[in-house]
Amino acid sequence: MRVVGIKQLKARLGEYVRLVKTGETVLLTERGEVVAELRPARRRLRHPGPRHEKILETLAEAGEV
């Protein structure tokens, strides 16, 4: 877990986003007090691709969805 001040976060945002993407939690401080926590999202939303849409259409036509 990393702790970073707002000023440093602003200057190096990309670096901290990369850390969060790899699973690390970053605590954001303002004047030495923790005010926020950056952590990986619990789940990622994915849009169904063409393959998924075809499967859903087939299931819907069969009355299974």
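Notes on the structure follow. (Residues numbered from 1 in each chain as written. Predicted model: local features only at pLDDT ≥ 70, side-chain atom pairs only at ≥ 80, totals over all residues. Heavy atoms only, no water.)

1. Remarks on the environment of Leu9
For step 1, the next point in the chain: Its location among the elements puts Leu9 in helix 1 (residues 6–11).
For step 2, the next point in the chain: With a relative accessible area of 12%, Leu9 lands in the buried category.
For step 3, the next point in the chain: C-alpha separation for the pair Leu9 and Leu28, spaced 19 residues apart in sequence, amounts to 7.9 Å.
For step 4, the next point in the chain: Once residues within four sequence positions are removed from consideration, Leu9 is found in contact with Val4, Tyr16, Leu28 and Leu38. (Helix = DSSP H or I, 4+ residues; strand = E, 2+ residues; numbered from the N terminus. Buried < 20%, exposed > 50% of the residue type's maximum accessible area, 1.4 Å probe, protein only. Contact = heavy atoms within 4.5 Å.)

2. What to know about the nonpolar core
For step 1, the next point in the chain: One finds Val4, Leu9, Tyr16, Leu19, Val20, Val26 and Leu28 forming the largest nonpolar core, which totals seven residues.
For step 2, the next point in the chain: When residues of this core are assigned to their parent elements, the largest contribution, three residues, is made by helix 2 (residues 13–21).
For step 3, the next point in the chain: Apart from the residues within four sequence positions on either side, Val20 is in contact with Val26, Leu38, Arg39 and Pro40. (Core = buried A, V, L, I, M, F, W, Y, C linked by side-chain atoms within 4.5 Å.)

3. Examining the sheet that holds strand 3 (residues 33–38)
For step 1, the next point in the chain: Spatial strand order, 1-2-3: three strands in an open sheet with mixed pairing. The open sheet has two free edges, formed respectively by strand 1 (2–5) and strand 3, since each of these has just one partner strand. Shown here is a sheet whose adjacent strand axes are inclined to one another by a mean of 30 degrees, direction ignored.
For step 2, the next point in the chain: Pairing of strand 1 with strand 2 (residues 26–30), which is carried by four bridges, proceeds in the parallel orientation. Within the sheet, the bridge partner assigned to Val3 lies in strand 2 and is Leu27. (Pairing = 2+ DSSP bridges. Axes fitted to C-alpha atoms, helices over the stretch in contact; angles between N-to-C directions.)

4. A few points about the environment of Leu19
For step 1, the next point in the chain: For Leu19, the position within the fold is in helix 2.
For step 2, the next point in the chain: A relative accessible area of 16% means that Leu19 is categorised as buried.
For step 3, the next point in the chain: Residues Leu19 and Met1 lie 18 residues apart in sequence; the distance between their C-alpha atoms is 9.8 Å.
For step 4, the next point in the chain: Residues within four places of Leu19 in sequence aside, it is in contact with Arg2 and Glu24.

5. What about the pairing of strand 2?
For step 1, the next point in the chain: The buried count for strand 2 comes to four of five residues, which makes it a mostly enclosed element.
For step 2, the next point in the chain: With five bridges connecting them, strand 2 and strand 3 associate as antiparallel partners. Each bridged residue has a counterpart across the sheet, and for Glu30 the counterpart in strand 3 is Glu33.

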